[in-house]
Amino acid sequence: MAPLATKRRTRSCRSCGSERKWHVCTAAAGGHHPPEAVPAADQDLISDLPDELLCAIVSFLPTKDGARTQGLSRRWRTIWPAATLDLDGGDFGPRYAGADLSGLITRILSGHCGCVRRLRLATFHHTATMDSLFQPTVLDKLEELHFRYRFAMAEGDPLPLSALRFTELRVASYGLCYFPDDPGGVTFPKLRELILYKATISEISLNAMISACPDLRSLFLRDSIGFHRVCISSPTLVRLGFSVNSRSPVMEELVVVNAPSMEKLLLFKTFAGPRNIRVMFAPKLEVLGCLSSDMRNVELQSTIFKSYTKMIIQNDQGYAPLECLDRHLKKMQIINYEEDKSADVNFIKFFVLNAQVLESLKIVVRQGQCDAKWIASQYKKLQVDARVSLGARLDFEAENTCRFPRSVDINHFHDLSMDPFDGSLCFPLTVFIS
């Protein structure tokens, strides 16, 4: 007996009787608007979107997930190759490393038709073909680049010259590599944020990099070596961060020659330098930190802070009143305070007795407990009752209750709205002044 034929079940539109799948009813009765078509459960509405919108959606997916959309249907095969690409080498996991990852990235870039907006490569070993990695034309409009080698070699791995060719960059970080002595006339007309992380770079190359960024707003020189002196001259720079690698020779001098827009100068791990700081012109400077007793000389235009083991503060007229103490100094934070060190006591007492508009002074104690009896003794030792700013509040905090991160999150350093007094940027033996 022949098998019974099965009839495919269909659903009909209630208004016109047509099959409802892929159907939009245009019938209207009694002058009323036609009822809205109800899409079938298996209808693919996403695929009905225009290519431009689909490309935008896919561009927000992780690299592997974006590539997998090509297997959905014939409709999707052209979307991924044409999408604006944010390529992160870390998306591929530990399976790919060194030459394997370099080859994979090269194949992805070679087969991509759209432009690449962001590129993050941080797990590479240096290879002879590394320079070709940045040559594909799909990278011509790159806006954000993060590149560093996987390990720091003793002599340093060379930065590919092609990694400096991108004139559309707005954000860039280079790390664990050494820069060429002659960067070859690089130019970054749109670059606003720059990080050099554990890079080896000469003073000439560093000055060339800064000069190549006429719109630079935020610069972080993090644990980089190869120079003993840094000279900053930038009309647009708002935030400067600086830390010295403890294994490198002592950094001697940081000079801010001309920075009319600079608001924050943040120094980290100052035990390795700079030994001398000179700020010649930065009229908008609001935050300065960290200062420490390892510094020999800190000069802010006419105001000079010398090593406070010998003297505290003087200006060109000796110990005359300072304008910053009379009008501007409102917040101050001292870290690693030791009550048995006269230098620490005298340093804090100077500001207690001279800062006329001081609102908040936070003192983090290196050792011991901040109980009521101890705090009362410190108030007497620091002459708090004689403070010139009657509204100033002094707070003590034990070190074991305050977190001291040993590194700075480079993903948040360029946030110009971040308050350095929130504790996230504090380091041992520091002074923050604003």
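For every chain, the first residue of the written sequence is number 1, and numbering continues from 1 along that sequence. Only residues with pLDDT of at least 70 are given local features in this predicted model, and only at 80 or more are side-chain atom pairs given and counted; all residues enter the totals for whole chains, interfaces and linings. Hydrogens are left out, water is left out, and the side-chain values use all remaining heavy atoms of the structure.

Enquirer: How do you make sense of the pairing of strand β16 (residues 331-337) when you look at a structure like this?
Expert: Each regular strand carries side chains that alternate between the two faces of the sheet. Among the seven residues of β16, six are classified as buried, and the element is accordingly described as predominantly covered. By convention, a crossover is right-handed whenever its connection, traced from the first strand over the helix to the second and viewed with the strands pointing away, goes clockwise. By definition, any uninterrupted DSSP run of H or I lasting at least four residues is a helix, any uninterrupted run of E lasting at least two residues is a strand, and each is numbered from the N terminus. Of the crossover connections in this fold, the one passing from β16 over helix α7 (residues 342-354) to the parallel strand β17 (residues 360-365) is right-handed. Buried means the residue's accessible area, taken with a 1.4 Å probe over protein chains only, is under 20% of the maximum for its type, while exposed means over 50%, and partly exposed covers the values in between.

Enquirer: In this structure, what is going on with unusual backbone geometry? I would like to understand it.
Expert: In terms of backbone geometry, most residues other than glycine have negative phi values and most peptide bonds are trans. Although it is not a glycine, Lys 198 adopts a positive phi angle of roughly 50 degrees. Along the polypeptide, Lys 198 turns up in the loop between β5 (193-197) and α5 (203-211). Of note in the backbone geometry, Asp 223 takes a positive phi value of approximately 55 degrees without being a glycine. Residue placement: Asp 223 occurs in the loop between β6 (218-222) and β7 (229-233).

Enquirer: In this structure, what is going on with the nonpolar core? I would like to understand it.
Expert: Ranked by size, the top nonpolar core spans 81 residues in total, and within it Tyr 174, Phe 179 and Phe 188 carry the most contacts. Ranked by the residues each element gives to this core, the list is headed by helix α4 (residues 99-110), at five residues. Take the buried Ala, Val, Leu, Ile, Met, Phe, Trp, Tyr and Cys residues and link them wherever side-chain atoms come within 4.5 Å; each set so joined is a nonpolar core. If you look at the next biggest cluster of nonpolar residues, it comprises 21 residues, including Tyr 337, Val 345, Phe 347 and Leu 361.

Enquirer: Just checking my understanding: could you explain α5 for this structure?
Expert: Residue pairs three or four apart in sequence face the same way in an α-helix, which turns once every 3.6 residues. Residues of α5 that are buried include every one of Ser 205, Leu 206, Met 209 and Ile 210, and no others. End-on, the buried residues of α5 take up no more than an arc of 135 degrees, which puts them together on one face. Of the exposed residues in α5, the ones pointing more than 90 degrees away from its buried face are Ile 204 and Ser 211. What makes two residues a contact is simply this: any of their non-hydrogen atoms within 4.5 Å. For α5, the secondary structure elements touched by its buried residues are β4 (171-175), β5, β6 and β7. To obtain the arc, one takes the directions from the helix axis to the C-beta atoms.

Enquirer: What exactly am I supposed to notice about the pattern of salt bridges here?
Expert: Oppositely charged side chains can form a pair if their charged atoms are brought close together. The working definition used for a salt bridge is a side-chain nitrogen of Lys or Arg within 4 Å of a carboxyl oxygen of Asp or Glu. What the rule picks out here adds up to 16 salt bridges. Measuring nitrogen to oxygen at the nearest pair gives 3.4 Å for the salt bridge that ties Asp 215 to Arg 192. Taken together, the positions of Asp 215 in the loop between α5 and β6 and Arg 192 in the loop between β4 and β5 put the pair 23 residues apart, joining distant regions of the chain. Among the residues examined, Arg 192 registers a relative accessible area of 35% and is labelled partly exposed.

Enquirer: What is the right way to look at the confidence of the model for the chain in this model?
Expert: Low pLDDT means the predicted coordinates in that region are not meant to be read closely. With 70% of its residues at a pLDDT of at least 70, the chain reaches an overall mean of 75. A score from 0 to 100, pLDDT tells how confident the predictor is in each residue. The low-confidence segment residues 28-33 (pLDDT under 50) makes one contact with residues lying over four places distant or belonging to another chain. This stretch, residues 313-321, has a pLDDT under 50; its non-local contacts, to residues over four places away or in other chains, come to 18 contacts.

Enquirer: Please clarify how the pairing of β17 should be interpreted in this entry.
Expert: One requirement defines pairing of two strands: DSSP has to find at least two bridges between them. Of the strand pairs in this sheet, β16 and β17 are connected by six bridges, and their pairing is parallel. Bridging from a neighbouring strand, Ile 335 pairs with Val 364 of β17. Relative to strand β18 (residues 393-398), β17 runs parallel, the two being bridged by six bridges. Bridging across to β18, Val 364 finds its partner in Glu 397.

Enquirer: For this particular structure, what's the right way to read the packing of aromatic side chains?
Expert: Each pair of aromatic rings taken from Phe, Tyr and Trp, with Trp reduced to its six-membered ring, is defined by centres within 6.5 Å and is described as stacked if the planes are under 30 degrees apart, edge-to-face if over 60, and tilted in the remaining cases. Tallied over the entire structure, the rule returns eight aromatic pairs. A centroid spacing of 5.5 Å and a plane angle of 85 degrees characterise the contact between Phe 134 and Phe 147, whose relative ring orientation is edge-to-face. In this pair, Phe 134 is assigned in the loop between β2 (116-124) and β3 (144-149) and Phe 147 in strand β3, connecting sequence segments 13 residues apart. As far as the burial class goes, Phe 134 and Phe 147 line up, both buried. Arranged with centres 5.2 Å apart and planes meeting at 70 degrees, the rings of Phe 347 and Phe 351 form a pair that is edge-to-face. One end of the pair, Phe 347, and the other, Phe 351, are both in helix α7, four residues apart, so they sit about a helical turn from each other. Exposure class is identical for Phe 347 and Phe 351. Each is buried. Put simply, the rings of Phe 134, Phe 147, Tyr 149 and Phe 166 touch in pairs and so form one group of aromatic residues. Note that Arg 117 overlies the ring of Phe 60, its terminal NZ or CZ placed 5.9 Å from the centroid. Lysine NZ or arginine CZ positioned within 6 Å of the ring centre and within 35 degrees of the ring normal marks a charge as sitting over the ring.

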